[in-house]
Amino acid sequence: MSQSEGEVLALTAPEDRDGDGDREEDTVGSDQDERALPAPEDRDGGGDREEDTMGSDQDESPDTTPAEQPDSGDEWDTDLEADEQDRRGRLVSPTELYLVACRLTAVIPCSYVLRQLASTTLDLNQQGTLDLNHHGLGPLGAKALAITLLSDVQISNLELKENHLLAEGTGYLMEMLKENFTIQSLNLSNNHIQSAGFDSVCKMLLDNVTIKSINLSGNGFIDADARSLADALANNYRLKDLDLSHNQFCDMGGEHLGQMLANNEGLEMLDLSWNHLRMSGAVTLCAGLKLAHNPLTQLGALNLLNTIRNNPKSALEEINISTVLVNEAFVVLLEAVCQNHSGLEVQFQGVTGSVTRTKKPSIALNIIQDFLTEEKEGLLELFQSLDKEGNMSVDNKEFRKAVQHANIPLDQHQLEWLIQHFDKDCTGRINYSSQFAEQS
């Protein structure tokens, strides 16, 4: 036998404890070896081991290996840490769950979705936005996403604009939102939801307690849908921002929403721009009402103000009819309404008729200039204090608020005329650099 063969046998012999005949012969032949081998292994039940334990500590050999030392607390801690690491390793990540959901729904996984899901879980202590706008998920893609987000605790803002979800895909997402209590903002604009899917949205709003903002713009909703929404939101105090622009609501839809808003105390912003609201539909009341780009006439604008005046408990803060040219009667009525609704802000395009010709600019200008002189301040300094961006222009709304808060003795009629005097092109902003250039 060569030397190499002897080395192989020497390495394998200790492993052949039970099956090798030579090993059995050694075990039978030496009683000392038989007694010596089980001693270290019989820590708990062997009698010989118990005698050693009761004997002198001096019997313990200083050369005892770490394996023969009693277990310490550190070893148990190490085991617990290892178990915790194993447990974390067994947790299914959102990306893994999405892949499983795609297999279940027979959908090809979207790499962009995977990247977005991974990025939102990098920091477990920070809730984030899942932006999937314009990715054409479709109904089944929405189903896979709904399965993924069913128990998610990281996403607070879900963006799904223009994904062709249809009524089917919207239904899957609404079922998910009945169980998910983390998502607070939802964008479902331009998804062809139609009336067939709007019912599932309304049912979700009855059960969900966390959604504060929802964008349903451009989904083809009609007046009958407004009635369903009114029923869903009659006692909902959690939704703060609702965008229903670019739909097909007419006067009847506006009336349904108006009845809802008479009871709802939570909604702060309702966008109904680019619908088909006319006179009676313009009576909708809320804490922020946008009616721009609706075919609202001067008479409709007057009816809107009269409705507000007849509802002293209205929480209305803003009316946006920035595409409507009002008349002098509107401005006079607005002044009367603002006496009981001091926080009301109304944006309109301009004033037609004789108002701009009969009212002299020097009256309003002299009033504000005299007031600022007493305060040892000039009109230029007022504009500069409002110009946060330093671009030599001020938003009309900010200027109006500043004049009202400073208690400058201008009535509503004079204030609106003054704003139009500064903003001759009705851009919504006052370019005060050109104003002072003209004066110089």
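Residues numbered from 1 in each chain as written. Predicted model: local features only at pLDDT ≥ 70, side-chain atom pairs only at ≥ 80, totals over all residues. Heavy atoms only, no water.

## Quick look at the overall build of the chain
Okay, step 1: When its secondary structure is counted, the chain shows 20 helices and 11 strands.
Okay, step 2: Scored against the burial criterion, the 440 residues of the chain give a buried share of 39%.
Okay, step 3: If you take every contact in the chain between residues at least 6 apart in sequence, the share linking residues at least 24 apart comes to 73%.
Okay, step 4: Only carbon and sulfur atoms are counted for the fraction: they give 49% of the accessible area of the chain, which is about 24,800 Å². (Helix = DSSP H or I, 4+ residues; strand = E, 2+ residues; numbered from the N terminus. Buried < 20%, exposed > 50% of the residue type's maximum accessible area, 1.4 Å probe, protein only. Contact = heavy atoms within 4.5 Å. Areas by Shrake-Rupley, 256 points an atom, 1.4 Å probe, with all protein chains shown as cover.)

## Concerning the state of the cysteines
Okay, step 1: Following the criterion strictly, the structure yields zero disulfides and no others.
Okay, step 2: In this model Cys-110 remains outside any disulfide bridge; the closest cysteine sulfur is found in Cys-102, 8.7 Å from its own. (Disulfide = S-S within 2.5 Å.)

## Details of helix α9 (residues 166–177)
Okay, step 1: Look at α9: 17 Å from first C-alpha to last across 12 residues, which is about the 16 Å you get at 1.5 Å a residue.
Okay, step 2: Looking at the buried side of α9, the elements it contacts are α8 (138–149), β2 (155–159), β3 (185–187) and α10 (194–207). (Expected span 1.5 Å × (residues − 1).)

## A closer look at unusual backbone geometry
Okay, step 1: For His-134, which is not glycine, the phi dihedral falls at a positive 60°.
Okay, step 2: Residue placement: His-134 occurs in the loop between β1 (128–131) and α8.
Okay, step 3: Notably, Leu-166 is not glycine yet its phi reads approximately 60°, a positive angle.

## Thoughts on the pairing of β2
Okay, step 1: In terms of burial, β2 is a largely internal element, five of the five residues being buried.
Okay, step 2: With four bridges joining them, β1 and β2 adopt parallel strand pairing. If you follow Asp-131 over to β2, its bridge partner there is Glu-159.
Okay, step 3: Between the parallel elements β1 and β2, the chain passes through α8 in a crossover that is right-handed.
Okay, step 4: Sheet analysis places β2 next to β3, joined by three bridges and oriented parallel. (Pairing = 2+ DSSP bridges. Right-handed = clockwise from strand over helix to strand, strands pointing away.)

## Quick look at the packing of helix α18 (residues 396–405) against helix α19 (residues 412–422)
Okay, step 1: Interhelical geometry of α18 versus α19 gives an angle of 140° and a closest axis separation of 11 Å. Handedness of the α18/α19 crossing: right-handed. Counting all contacts with α18, which are made through Asn-396, Phe-399, Arg-400, Val-403 and Gln-404, the residues of α19 involved are Gln-412, Leu-415, Glu-416, Leu-418, Ile-419 and Phe-422. (Axes fitted to C-alpha atoms, helices over the stretch in contact; angles between N-to-C directions. Left-handed = near helix turned anticlockwise from the far one by under 90°.)

## What about the pattern of salt bridges?
Okay, step 1: With the rule as written, the count across this model stands at three salt bridges.
Okay, step 2: We note a salt bridge from Asp-199 to Lys-203, for which the minimum N-O separation is 3.3 Å. Separated by four residues within a single helix, Asp-199 and Lys-203 lie in helix α10, roughly one turn from each other.
Okay, step 3: You can call Asp-199 partly exposed: its relative accessible area is 38%.
Okay, step 4: A salt bridge links Asp-395 to Arg-429; its shortest N-O distance comes to 4.0 Å. Placement of the pair is Asp-395 in strand β10 (residues 394–395) and Arg-429 in strand β11 (residues 429–430), with a sequence separation of 34 residues.
Okay, step 5: Judged by its relative accessible area of 28%, Asp-395 is partly exposed.
Okay, step 6: By relative accessible area, which is 34% here, Arg-429 ends up partly exposed. (Salt bridge = Lys/Arg side-chain N within 4 Å of Asp/Glu carboxyl O.)

## Points about the confidence of the model for the chain
Okay, step 1: Looking at the chain, the pLDDT average stands at 75 and 67% of residues meet or exceed 70.
Okay, step 2: For the stretch residues 64–68, pLDDT sits under 50, and the model shows four contacts to residues farther than four places along the chain or on other chains.
Okay, step 3: Below pLDDT 50 for its whole length, residues 354–359 participates in nine contacts with residues either more than four positions away or in separate chains. (pLDDT = per-residue confidence, 0-100.)

## Focus: the nonpolar core
Okay, step 1: Ranked by size, the top nonpolar core spans 50 residues in total, and within it Leu-216 and Leu-242 carry the most contacts.
Okay, step 2: Counting residues per element, the ones that place at least two in this core are α6 (94–105), α7 (111–120), α8, β2, α9, α10, α11 (223–233) and α12 (251–263).
Okay, step 3: Setting aside residues up to four positions removed in sequence, Leu-216 forms contacts with Leu-188, Ile-193, Phe-198, Val-201, Phe-221, Leu-242, Asp-243, Leu-244 and Asn-247. (Core = buried A, V, L, I, M, F, W, Y, C linked by side-chain atoms within 4.5 Å.)

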